[in-house]
Amino acid sequence: MVGIRYISSTKVQAANAKGKTQSVELTPWDLQLLLVGSIQKGLLFPKPKSWPPEKQTGLIHHLETSLSHTLDHFPPLAGRLATAEHDDNTISFSIDCSNAGALFVHAVADGVTISDILESVYVPPMVKSFFPLNGVKNHEGTFKPLLGVQVTGLEDGIFIGCTINHSVVDGTSFWHFFNSWAEISRGSIHLSKPPVLQRWFQEGTDHTIRIPRSNFDRIHEDQVVPPALQERVFHFTKENIAKLKAKANLEVGTNKISSLQALLSHLWRSVIRNKTLGPKEDISYRMLIGARPRLHELPEQYFGNAVQTGSVTMKVKDLQEKGLGNVAWQMNRMVATQTEDKLKKFIETWTASPELITMGNMTSNALVTSSSPWFDIYGNDFGWGRPVAVRSGPGNKHDGKITVFRGVDEGSIDIEVCLPRVTLEAMANDEEFMNAVTI
């Protein structure tokens, strides 16, 4: 595969922005992410038959125009972060819906085909270049676009890569925007699921949250060159996931373990089995747990961050010896503790004593899972058909980053695993793990 060629880079504003600039205050769920990177996900499409090569410019114009109309419904994404400094040596952040514009990049990957991406054992490094705003941290949204889109033409396909500031959206809101853009691109004037833009705060609390400036002394904490990592996508069919779920529940005599908990436990055990770790070492599995279904004040279409980090920590020896069911049960119990009261307590505690997440404190000796098989990936038809694959960008990648996607086939799940190549090679030779994987 050869390099990427950039054709154009433009600013796309909301088509019908109102005259008055709206300001959106940020919640603890938003603010805690200021020091980490954006969400980056993209979709791979076959080249539209209805748009022959001579009309490629028309396709790009169509996507720009439909993006502009979509931003009418999502004004925060066309804005920038705003800050206010206070006399007590603190700083507060909000979103200034100024219609400063989103970034739109058109590029071409000469000689690259869909099969180059789908048939490669490891995710090709070139995929990173299919995303805009690589390396941008969320706090840089004061002067960088909060949304960047890159449309990359392949020999026989199109990749639409999207980067959104993670202090503005979580995964649910990211795909809400992507789904809405596709809907408008297909010709809809009104959204079937309009976003609820007002941020949620507990009653009686100050909506302007002040963060001590000392928190930003850690801005350069993660500027360490990570080890050489690679990514591989493992595919699990509905049938194999059902077998893992049945096995996990049977081992501990319950029916409460979910398909995803069983699958992630199966993956976790293989990763640890194929790393060089001492039996008494503590190893953690962290996952983002959605707050919308747990907090009755939050509407389903709430636009912003509404996730809580949950963590399971076990000794390496116990992880291996106590079996799939025990590990999955520990996950199940942890998820069950994420109650409405606990979510509200986190908001209260964080507001009183803000603490910003860094890649270092989030990922230390841990696997971290993001995304969800519940997100609507393959319904994103922009007018010429559905995507054939999803991939993530380089943002927030580290040794042990696990990204979960809905698979193409009903009930299937794809898991993108970021690890050193030696670990991925060992997992490929791990018969217990690969018995559940479809090549």
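1. Some remarks on the overall build of the protein chain
Along the backbone of the protein chain there are 12 helices and 16 strands. In terms of overall size, the protein chain behaves like a compact globule, its C-alpha atoms giving a radius of gyration of 22 Å where 439 residues would be expected to give roughly 22 Å. Along the first, second and third principal axes, the C-alpha atoms of the protein chain reach 60 × 60 × 40 Å. Evaluated residue by residue, the protein chain yields a buried proportion of 54% over its 439 residues. Put simply, 80% of the contacts in the protein chain that link residues at least 6 apart link residues at least 24 apart.

2. Considerations on the sheet that holds strand β1 (residues 4–12)
With respect to topology, six strands assemble into an open sheet ordered β1-β6-β7-β8-β3-β14, the strand pairing being mixed. Because the sheet does not close on itself, it has two edges, and the strands there are β1 and β14 (389–392). Adjacent strand axes in the sheet meet at a mean angle of 20°, parallel and antiparallel pairs treated alike. Here six bridges tie strand β6 (residues 102–109) to strand β7 (residues 147–153), and the two strands are oriented parallel to one another. Paired with Phe-104 across the bridge in β7 is Val-149.

3. Comments concerning unusual backbone geometry
Its identity is not glycine, yet Asn-99 carries a phi of approximately 60°, on the positive side. Structurally, the position occupied by Asn-99 is in the loop between β5 (90–97) and β6. Positive phi is not limited to glycine here, since Ser-371 has a value of about 70°. Residue position: Ser-371 is located in strand β13 (residues 366–372). The exposure class assigned to Ser-371 is partly exposed, which follows from its relative accessible area of 24%.

4. A word on helix α4 (residues 171–185)
An α-helix turns once per 3.6 residues; consequently, residues spaced three or four apart project the same way. For α4, built from 15 residues, the straight-helix expectation of 21 Å at 1.5 Å per residue is met to within 8% by its first-to-last C-alpha distance of 21 Å. Counting buried positions over the 15 residues of α4 gives 12, a clear majority of the element. Residues of α4 that are buried include every one of Ser-173, Phe-174, Trp-175, His-176, Phe-177, Phe-178, Ser-180, Trp-181, Ala-182, Glu-183, Ile-184 and Ser-185, and no others. At the C-terminal side of α4, Gly-187 shows a positive phi close to 120°.

5. Let's talk about the sheet that holds strand β12 (residues 307–315)
Spatial strand order, β10-β16-β15-β13-β11-β12: six strands in an open sheet with mixed pairing. Among the strands making up the open sheet, the edge pair consists of β10 (230–236) and β12. Across the sheet, the mean angle from the axis of one strand to that of its neighbour is 20°, orientation sign disregarded.

6. A few points about the nonpolar core
In a soluble, globular protein the nonpolar side chains are often hidden away together inside. Formed by 58 residues in total, the largest nonpolar core has its most connected members in Leu-77, Leu-147 and Ile-160. Counting only elements with at least two residues in this core, the list comes to β3 (39–46), α2 (56–71), β5, β6, β7, β8 (157–164) and α4. The dominant element in this core, judged by the number of residues it contributes, is α4, at seven residues. Apart from the residues within four sequence positions on either side, Ile-160 is in contact with Lys-41, Gly-42, Leu-43, Phe-45, Leu-63, Val-149, Gln-150, Val-151, Phe-178, Trp-181, Phe-382 and Trp-384. Residues Ile-257, Leu-264, Tyr-285 and Leu-324 belong to the second largest nonpolar core, which totals 41 residues.

What counts and what doesn't
Residues numbered from 1 in each chain as written. Predicted model: local features only at pLDDT ≥ 70, side-chain atom pairs only at ≥ 80, totals over all residues. Heavy atoms only, no water. Helix = DSSP H or I, 4+ residues; strand = E, 2+ residues; numbered from the N terminus. Rg over C-alpha atoms; globule rule 2.2 N^0.38 Å. Buried < 20%, exposed > 50% of the residue type's maximum accessible area, 1.4 Å probe, protein only. Contact = heavy atoms within 4.5 Å. Pairing = 2+ DSSP bridges. Axes fitted to C-alpha atoms, helices over the stretch in contact; angles between N-to-C directions. Expected span 1.5 Å × (residues − 1). Core = buried A, V, L, I, M, F, W, Y, C linked by side-chain atoms within 4.5 Å.

Any functional reading would require information that these geometric values do not contain.
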